[in-house]
Amino acid sequence: MFKTEKYSKTEFKKILLHEISEKIFDFIAVVRVKDRKIVFVNEMGAKLFGYENSDDLLDWDTSELGKRIPVQKLLKQMDKKIISKKYLSDEIELITGKDKSFRGYIHLTPFAAGGDDYCMVQIEKADLIKLHTEDLIREKQRFGALMDYASIGVIILNSEFRIVLMNNSILHLFGYEKKELMGINIEALIPSSPQQKYKLHLLNYFSKSQNLSTEFRMELNAVTKRGKKFPVEISIGRYRTSNENFAILFINDISIRKKGEEEIRNLNARLEMKVKERTDELDETIKRLEEQIKETEKTKAELVKVTQYQKAVLISSGAMIIATDQDGIITLFNKAAEDSLGYKADEVIGKFTPTLFHDSEETKKIALKYSEELEKEITPGFEVYVAKSRKSLPNKNEWTYVKKNGTRFPVSLSITSFRNRKNEITGFLGVAVDISETKKTEEELKKALAREIELNEMKSRFVSIASHEFRTPLSTVLSSTYLLQKYMQTDEQPKREKHISRIVSSVSLLTDMLDELLNVGKIEEGKVSPKYSHLPIKEHIERVIEEIKGILKKGQLISYNHFVPDEARLDSGMLTHIVINLLSNAIKFSPEETSISIESKISGKLCELRVKDHGIGISKEDQQHLFERFYRSRHAADVQGTGLGLYIVQKYTELMNGKVECRSELGKGTEFLIKIEMGGL
């Protein structure tokens, strides 16, 4: 039997009175009626009147709390009201100990104790009431802002399913004006059908007498003013005024999400095919286990056999199998879990929850996500992992496990709940599969796809370059060949030589472009590596200059300086391509009657090469893309080329442990500096 004796003692009541009065910010006092003297006042009440100690107000006449006006008449009026109503609430003007007045709401309640009459006095400052009123106004403003600016559509219906209020998102979503929607039935926006049974749920809501929150959520088809159908997700709430029930519909356009879900389903289907081989063995084991369990129901002897089989599966299964009680404490930790996580079973069973090996930051993030999805606050911890299982929802997700040594790896975790005959949860079972290899395969597939896309783009650009750049030299060869047939006389030999020279030049140009394309192909396929040899760099570069003089424009000169020593250890073929590309670019982009300088220098293990011209220069914008494949500056539109020369220069330089620098301004020429760390010296 519950004993109340100690709660009726005076000492307990005094303590209770003191605690209650000290926790209230209003003025609380007890006044003896016969002489209107204050016999008790709380500390917060004393501070309201400007006194630090409540004892300073004891034995005061209550009239001293009022402003200096005739108070006796007022007190008599108050006595009459108290006698008639048994209480009094009124607003009066009061004065603090520092002669500052304020308006206050006074509440008087009479009572008797020990044969004397008393009155409990409570005073609340009027400005606090005003503050509460302002808070209410602000809350209304917040509601208006929510309705006007919320990105999700909000509709309020009366019990006849007619729209009484909607926000701007609804007007935008369905294409109506506000006046067109007021008072119409919700079926104009979301038609009901055997598949769309949300109106039955609304009827159930309006039949309730009390305010209820809901977790109802349904995907439906809505229709715009123009008759266009689109998928939406709705959730329903309700509230009641003093005399009417209303329903609140939250409507969210899920067209993009549906499209994303379809893409995810397609991706999952492809991924599942790739991991099927890795999961078939586990699926087959589980299938055999389920079949064996059914057979063991026939006899007790068979039950023992299945139990032994289950233990063998737990020990030998490649999946991590972990069971807990209803509070999350681990009760089962199989061999695969020990091997994968680094903990022994006796280290965790009966001592820890699975939060021990879950990533804490990931758990916090998913807790916020599930709190929104389930419309219930989920505290970060074990509850995050089993929240869906408690509601018998599918609960298979990817998580990050953390081994005892701190190593992290991804798993696919499926969690189910154990329930007794009363459908009460008695524990949980988690089956986790390490998907590190699957993730790695997925990443490799993504890289392969990106590489395939890049190669396709390269092929397209090659076709474009070939069709554009090969056309001019081929046309030259064709026209010159045709004209050669016309010059049959001996005195027409100069004309024949002229066209033969044009043919040779065009064929050389085609050969150079094909060489560039072939070199790029080899570089991209990783089939190019430097073949170092000792070579006299001065003699080598002079030979390249002699080969390229044939394409010099009228009046152009190439000056070359080399600073000793002379011997370098480089790939002679790569050096040749670098020099040819840099000099040919300098010739093509420089006007007639200009000079092109080239310098080479060996300093220890560093080989430097400079090529400078006085041509059209390169803009800052073009310099950012200078070494990209097929890139052609808009200032070079009239100059033939594939856009591969500088790309090859950079790649060959990098293969020989070097780097390329470019210094240029429009109209002021260009200088390229090559620095190569030579090998084997």
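Residues numbered from 1 in each chain as written. Predicted model: local features only at pLDDT ≥ 70, side-chain atom pairs only at ≥ 80, totals over all residues. Heavy atoms only, no water.

A. Examining the pairing of strand β19 (residues 595–603) more closely. Only one face of β19 is buried: it carries Ile596, Ile598, Ser600 and Ile602, and the other face, with Ser595, Ser597, Glu599, Lys601 and Ser603, is open. Pairing of strand β17 (residues 557–563) with β19 involves seven bridges; the strand directions are parallel. Looking at β19, one finds that leucine 557 is bridged to serine 595. Looking at chain direction, β19 and strand β20 (residues 606–613) are connected through seven bridges and run antiparallel. Note on β20: the bridge partner recorded for serine 600 is leucine 609. Hairpin connection between β19 and β20: a loop of two residues separates the two successive antiparallel strands, and glycine 604 in this loop has a positive phi of roughly 65 degrees. (Buried < 20%, exposed > 50% of the residue type's maximum accessible area, 1.4 Å probe, protein only. Helix = DSSP H or I, 4+ residues; strand = E, 2+ residues; numbered from the N terminus. Pairing = 2+ DSSP bridges.)

B. A look at the pattern of salt bridges. All told, the structure shown has 23 salt bridges when counted by the stated rule. Close ionic contact of lysine 404 with glutamate 347 constitutes a salt bridge, the shortest N to O distance being 2.8 Å. A residue pair is termed long-range when its members are at least 10 positions apart, and lysine 404 in the loop between β13 (396–402) and β14 (408–419) and glutamate 347 in helix α11 (residues 345–348) qualify at 57 residues. Residue classification places glutamate 347 among the partly exposed positions, given a relative accessible area of 27%. The salt bridge involving glutamate 671 is made with arginine 610; its shortest N-O contact spans 3.3 Å. Placement of glutamate 671 in strand β22 (residues 670–677) and of arginine 610 in strand β20 is noted, with a sequence separation of 61 residues between them. Arginine 610 sits in the partly exposed class, given a relative accessible area of 25%. Linked through salt bridges whose partners overlap, the residues forming this network are Glu219, Glu233, Arg257, Lys258 and Glu261. (Salt bridge = Lys/Arg side-chain N within 4 Å of Asp/Glu carboxyl O.)

C. Just the nonpolar core, in detail. Leu570 and Ile598 are the most contacted members of the largest nonpolar core, which has 41 residues in total. Taken together, the elements giving at least two residues each to this core come down to α17 (537–548), β17, β18 (567–570), α18 (572–588), β19, β20, α20 (645–655) and β22. In terms of residue count, α18 provides more of this core than any other element does, eight residues in total. Once you skip the residues sitting within four places of it in the chain, isoleucine 598 turns out to touch Ile541, Ile545, Ile558, Ser559, Tyr560, Asn561, Val579, Leu583, Leu609, Arg610 and Val611. Within the second largest apolar cluster, 28 residues are counted, among which are Val348, Ala387, Trp399 and Val411. (Core = buried A, V, L, I, M, F, W, Y, C linked by side-chain atoms within 4.5 Å. Contact = heavy atoms within 4.5 Å.)

D. Examining the packing of helix α12 (residues 360–374) against helix α13 (residues 382–390) more closely. Taken N-terminus to C-terminus, the directions of α12 and α13 make an angle of 30 degrees; their axes are 9 Å apart at the nearest point. The angle between α12 and α13 falls in the class roughly parallel. α12 and α13 meet at a crossing whose hand is left-handed. Of the residues in α13, those in contact with Thr363, Ile366, Ala367, Tyr370, Glu373 and Leu374 of α12 are Val384, Tyr385, Ala387 and Lys388. For the contact of α12 with α13, the class distribution of residues is seven nonpolar, one polar and two charged. (Axes fitted to C-alpha atoms, helices over the stretch in contact; angles between N-to-C directions. Parallel < 35°, antiparallel > 145°, perpendicular 65-115°, else oblique. Left-handed = near helix turned anticlockwise from the far one by under 90°. Nonpolar A, V, L, I, M, F, W, Y, C, P; charged D, E, K, R; others polar.)

E. Representation of the sheet that holds β17 within the structure. If you trace the five strands from one edge of the open sheet to the other, you get β17-β19-β20-β22-β21, paired in mixed fashion. Taken across any chain shown, the strands that pair with only one partner, and hence form the sheet edges, are β17 and β21 (658–664). Geometrically, the sheet is characterised by an average inter-axis angle of 10 degrees between neighbouring strands, direction not taken into account. The sheet contacts of α17 involve β17, β19 and β20, and relative to β17 the element is tilted by about 175 degrees. Lying on the sheet, α20 is in contact with β21 and β22; it crosses β21 at an angle near 140 degrees.

F. Region of interest: a negative patch on the surface. A cluster of acidic residues, Asp434, Glu437, Glu443 and Glu444, forms a negative patch at the surface. Among the elements that line the negative patch, the one with the most residues is helix α14 (residues 436–469), at three residues. Looking at where glutamate 437 falls in the secondary structure, it is placed in helix α14. (Patch = residues over 30% accessible without salt bridge, like charges linked within 9 Å, V, L, I, M, F, W, Y side chains within 5 Å. Areas by Shrake-Rupley, 256 points an atom, 1.4 Å probe, with all protein chains shown as cover. Lys, Arg positive; Asp, Glu negative; His and termini not counted. Charge placed at Lys NZ, Arg CZ, Asp CG, Glu CD.)

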